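Each chain, letter by letter, is given below.
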Amino acid sequence: MNNSSLIESVTARFPGAVKASHAWRGDATMVLRGEFLLEVARYLKEDPALQMNFLMDLSAVDYSTFGKKPAPAFFASSGVALKPSSQIPDEDPWPGPPDRSRFAVVYHFFSMAHKHRLRLVVPVEEAPDGTVEGTVGRVDSLTDLWPGANWLEREVWDMFGIGFRGHPDLKRILMYEGFEGHPLRKDYPVNKRQPLIGPVN
Amino acid sequence: METTAARTDRAELETRDMLLNIGPAHPAMHGIIRIVAKLDGEEIEEAEVEIGYLHRGFEKMAEVVDYNGVIPYTDRLNYVSPLINNMGYCMTVEKLLGISVPERCHYVRVIMAEISRITDHLTCVGATTMELGAMTAFLYMIKAREFLWDLVEEVTGARLTVTYCRVGGVKADLPEDFEEHCRKAFEETRKVLAEVEGLLKRNRIFTDRMNGTGVISAEDAISYGITGPFLRASGADYDVRKDCPYAVYDRLSFDVPVGTRGDNMDRFLVRMEEMEQSMRIVEAALRDIPPGPVLVSPDTGRPIPAAEMVDLAKMGKIAAITGGCAVACPTLEGSGRDRHPSIATDEKRVFLPPKEDGYGNIEGLMQQFKLVMHGHGVRPPKGEVYFPVEGANGELGFYVVSDGAGSPYRVRVRPPCFAIMSALSKLLTGDMIADMIPTFGSVNMIGGELDR
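What counts as what
- Residues numbered from 1 in each chain as written.
- Chains lettered and ligands numbered in written order.
- Predicted model: local features only at pLDDT ≥ 70, side-chain atom pairs only at ≥ 80, totals over all residues.
- Helix = DSSP H or I, 4+ residues; strand = E, 2+ residues; numbered from the N terminus.
- Buried ≥ 20, exposed ≤ 12 C-beta atoms within 10 Å, placed from the backbone.
- Contact = placed C-beta atoms within 7 Å.
- Pairing = 2+ DSSP bridges.
- Axes fitted to C-alpha atoms, helices over the stretch in contact; angles between N-to-C directions.
- Core = buried A, V, L, I, M, F, W, Y, C linked by C-beta atoms within 7 Å.
- Parallel < 35°, antiparallel > 145°, perpendicular 65-115°, else oblique.
- Left-handed = near helix turned anticlockwise from the far one by under 90°.
- Nonpolar A, V, L, I, M, F, W, Y, C, P; charged D, E, K, R; others polar.

## Thoughts on the overall build of chain A
- Scanning chain A from terminus to terminus reveals 3 helices and 7 strands.
- In chain A, the succession of α and β elements from N to C terminus is α-β-β-α-β-β-β-β-α-β.
- In chain A, which comprises 201 residues, the share counted as buried stands at 43%.
- Residue pairs in contact within chain A that sit at least 24 positions apart in sequence constitute 60% of those at least 6 positions apart.

Listed below in C-alpha cells is the structure:
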C-alpha cells in the first residue's frame, strides 16, 4: 500500500481521529488525537490490508524550542538542495510541528507482509502547572498490543516525563531511581551534573 | 530423564525461591547489565533485567553539535560495527536534505558496512563460545577479526572509532590495492570460519548448551520488535537490505539465512551463514563498483606539502605555488581532488572541499570555513525523517527532526538490541540458570547502542 492510500484508509475508518497528515520525504505521517490511539493502533495491527505487525520505534520530541535558535543570515537559503535527488520523494511540504502542544509522542509502525511504514504522532499537552507527569498519564500505553512497547514507553517516561495510561510498570530505565528531572527535555541543561546514586536494592 | 518417583520426592521437599543477583560486575554480563533472577532450584522463575549502566546521553549530545559532529558519536553506538552506524546516520541526514551521493560512494559504504557486519558477528559468536568455555574458537575468531580490522584501518585510518562516512559522502576513497587485500583477508576469514564451524557445530558440549535454549517464536519476536539475525533464527525472513533496500543492495545478490527453531543454536548458525553472505556481497560489490570519475590530477607543478603552501601564500609568494598541487597529510589519502567527485555529493553546502582546494584557493577556503564554523554547517530544511538500515543486530533506525538550524533538533536512534533486551526476561524464564549465558551471548548485547 502506498503512502496516500495508507493515510486514506485510516482517515476513512476514523474520521475524527486524524488531525493532519503528510508524506514528506516519503514518510507517511499522521497526527492523531490521543484518545483514538489505542483504537487506531489495534486497527493498524489487525486489519488484513495493513498488517502493521511491528512497532518499530516509540519516542518523543520536545517541541518547546523549535525554530527558536538564532540562525545566521548567510546560508539563509540552505535547506533547498541544488540538485534534489530523484530517488527521494518530495511532493508534500512538511507542515511543521504537529500541534501547539509541547510534546509529541512518535510511533513508527512497519508491516512485514506489505513492507509499508507509517508514523503516528500524538501531541501531548503540558498541564497548566508545567508538568506532564502523574500517575494517570497522558497517552495510552500500547503494551497490551505490543509487549515491546513496555521498555520503549519506560524510556520516554524516563527521558521526557510523559506518563502512559495502563503501563504495567512505569519507572526509569536508563537513568537511576534517584535522578531528578527528565534529561531530553529542552529545558534540561546539557551540562547539568547530578550526584550519581547507586541502584536502589 | 526424570522418573515419577523423583518428581514426587521433589514435590514433598520444601523449597524456597532464591533471589540471585547477576551483574553488573559479572564477566558474562559484559559489565553493564544486571539481572535479578528468582530461582527455583536451578530453574529461572522470573528475571528482571536492568539496563542503563552505560548511558552517555548520545541523543542529548547530538542536539548541541552540528550535523557532521554527530558522526563520531555514532561510532560509539554499536562500537563493534561503527561503519553501519555511520552509514545509517549519514543516509538519514541525506534523506532530510534530499540529496544523493555518487554511485561509487554507495558501493564503498556497502563494502565497508558488510565488512563491519562480519567483524560484529565474529565478535558475537566468538564471545558467546568463550563464555561457554571454548577459548580456542574465540581466539581464532578474534584472529579473523584482526584481518578485517586491518582492512578497515587501511581505508578509514582507525580501527574502532572510524568516523568514515560524512553527510553527503565518505571521508576517502578505497586505497589502490584494496581489492587484493580484501581477497586475502576473506581467504583467511573463510579458513577460520571453516575451522570454527568444525570445532563447534558437532561439539557435544557446545550443542547441548545451545540446542533448545532461549527459544522464542517468530510471533513473539515480532511483538517485541526484534529484528535482524535474532528474528531470522525464529523463521521470519525480515531483512532491511532485502525488504526495504537502500544504497545498492537491490543490485547485489545474496541470500538471507533463516532458522526454524529460534533457539541459540539457530542464531549461531544464522550468524555463521550471514558472514559468508556478507563476504559474497563485498566480492560482488568490488566486482561491480564503478571506477568513478577520477579527475586528471593537475600536477603541472611539483607537489607542495600543504603546510608549506599555506606559508608561501601567507608571504605572498603566489608565483611559487601557482599550478602546484598541495599534498595533504598521509591520513587524508584518498580524499584528494582527483577522488573527490566519486566519493562525495556534488553539493557545496554539504560536503567539505578537497584538501588541495581548502589549502590552495580562496573558494575552497571559504567553502571549508563556512561548513566548519559553528552554526554555518550543514543546514537541512525543517522536517522529520526516519531511515532504517540493517545493523548487525537488526534494524538500526535513525529518526532526525530538523528545525532548520545548524544542529539537529532531535536525533533518536532505534537501537536493535534494545528490543531484544526487552524480551530477555521472557527468553530466560523457564530455562536453567546456566542457559542464561548462551542466551545472553546470542542477544549480542552492545552496551553503547543499548544505553546510548
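## Describing the overall build of chain B
- For chain B, the helix and strand inventory stands at 21 helices and 10 strands.
- Across the 452 residues of chain B, 56% fall into the buried class.
- For chain B, the share of sequence-separated contacts (at least 6 apart) that also reach a separation of at least 24 residues comes to 69%.

## So, the sheet that holds strand 3 (residues 43–50) of chain B
Residues and elements named next belong to chain B.
- Read from one edge of the open sheet, 3 strands run 1-2-3, paired in antiparallel fashion. For this open sheet the edge positions go to strand 1 (18–22) and strand 3, each flanked by a neighbour on one side alone. Across the sheet, the mean angle from the axis of one strand to that of its neighbour is 20 degrees, orientation sign disregarded.
- Sheet topology places strand 2 (residues 34–40) next to strand 3; 7 bridges connect them, and they run antiparallel. Residue Arg 34 lies in a different strand from strand 3, and its bridge partner there is Glu 50.

## Let's talk about the sheet that holds strand 1 (residues 18–22) of chain A
Residues and elements named next belong to chain A.
- Across the sheet, which stays open at both edges, the 5 strands sit in the order 1-2-5-4-3 with mixed pairing between neighbours. The sheet is open, and its two edges are formed by strand 1 and strand 3 (54–62), each paired on a single side. Looking at each pair of strands side by side, their axes are set apart by 20 degrees on average, direction ignored.
- Across 3 bridges, the pairing between strand 2 (residues 29–32) and strand 5 (residues 117–124) is parallel. Along strand 5, the bridge assignment pairs Thr 29 with Arg 119.
- Along the sheet, helix 1 (residues 3–13) makes contact with strand 1, strand 2 and strand 5, crossing strand 1 at roughly 170 degrees.

## Thoughts on the environment of B:Cys244
- Residue position: B:Cys244 is located in the loop between helix 11 (240–243) and helix 12 (264–288).
- Placed 145 residues apart in sequence, B:Cys244 and B:Val389 show a C-alpha to C-alpha distance of 8.6 Å.
- Residues contacting B:Cys244, with those up to four places away along its chain left out, are A:Lys115 and B:Pro388.

## Here's the deal with the environment of B:Ile281
Residue and element names in this part refer to chain B.
- Secondary-structure assignment places Ile 281 in helix 12.
- For the pair Ile 281 and Met 445, spaced 164 residues apart in sequence, the C-alpha separation works out to 25 Å.
- Those residues within four positions of Ile 281 in sequence are excluded, and the remaining contacts are Val 110, Glu 114, Leu 252 and Phe 254.

## Describing unusual backbone geometry
All names here are of chain A.
- Although it is not a glycine, Arg 25 adopts a positive phi angle of roughly 55 degrees.
- Counting through the fold element by element, Arg 25 comes out in the loop between strand 1 and strand 2.
- By C-beta crowding, Arg 25 is classed as buried, having 22 other C-beta atoms within 10 Å.
- In this structure, Lys 115 is a non-glycine residue whose phi angle is positive, near 60 degrees.
- In this fold, Lys 115 is placed in the loop between strand 4 (103–110) and strand 5.
- On the neighbour-count criterion, Lys 115 (12 C-beta atoms within 10 Å) is exposed.

## As for the nonpolar core
- A:Ala104, A:Val105 and B:Met421 are the most contacted members of the largest nonpolar core, which has 177 residues in total.
- The greatest single-element share of this core, amounting to 12 residues, is contributed by helix 5 (residues 103–131) of chain B.

## Some words on the packing of helix 7 (residues 178–200) of chain B against helix 12 of chain B
All names here are of chain B.
- Put simply, helix 7 and helix 12 touch, their axes get as near as 11 Å, and they point 165 degrees apart. Taken as axis vectors, helix 7 and helix 12 run roughly antiparallel relative to one another. Both helix 7 and helix 12 take part in a crossing whose hand is left-handed. Facing helix 7, whose interface residues are Glu 179, Cys 182, Phe 186, Leu 193 and Glu 197, helix 12 presents Met 272, Met 275, Met 279, Val 282 and Leu 286.
- The class makeup of the residues in the contact of helix 7 with helix 12 is 8 nonpolar, no polar and 2 charged.

## Focus: the packing of helix 5 of chain B against helix 6 (residues 135–156) of chain B
Residues and elements named next belong to chain B.
- It is at 8 Å that the axes of helix 5 and helix 6 come closest, and there the two elements cross at 160 degrees. The orientation of helix 5 with respect to helix 6, classified from their angle, is roughly antiparallel. The handedness of the crossing between helix 5 and helix 6 comes out as left-handed. Of the residues in helix 6, those in contact with Met 112, Ile 115, Ile 118, Thr 119, Leu 122, Thr 123, Val 125, Gly 126, Ala 127, Thr 129 and Met 130 of helix 5 are Met 135, Ala 137, Phe 138, Met 141, Ile 142, Ala 144, Arg 145, Leu 148, Trp 149, Leu 151, Val 152 and Val 155.

## As for the environment of A:Lys115
- Here the alpha-carbon distance between A:Lys115 and A:Met1, two residues 114 residues apart in the chain, equals 8.4 Å.
- Each residue touching A:Lys115, except ones within four places of it in the same chain, is listed here: B:Asp243 and B:Cys244.

## As for the pairing of strand 8 (residues 383–390) of chain B
Residues and elements named next belong to chain B.
- Among the 8 residues that make up strand 8, 8 are buried, leaving the element largely enclosed by the rest of the structure.
- Burial along strand 8 is two-sided: the face carrying Gly 383, Val 385, Phe 387 and Val 389 and the face carrying Glu 384, Tyr 386, Pro 388 and Glu 390 are both buried.
- With 8 bridges joining them, strand 8 and strand 9 (residues 395–402) adopt antiparallel strand pairing. Residue pairing across strands places Glu 390 opposite Glu 395, the latter belonging to strand 9.
- Turn length for the strand 8-strand 9 hairpin, with the two strands adjacent in sequence and antiparallel, is 4 residues, and the turn residue Gly 394 shows positive phi of about 145 degrees.

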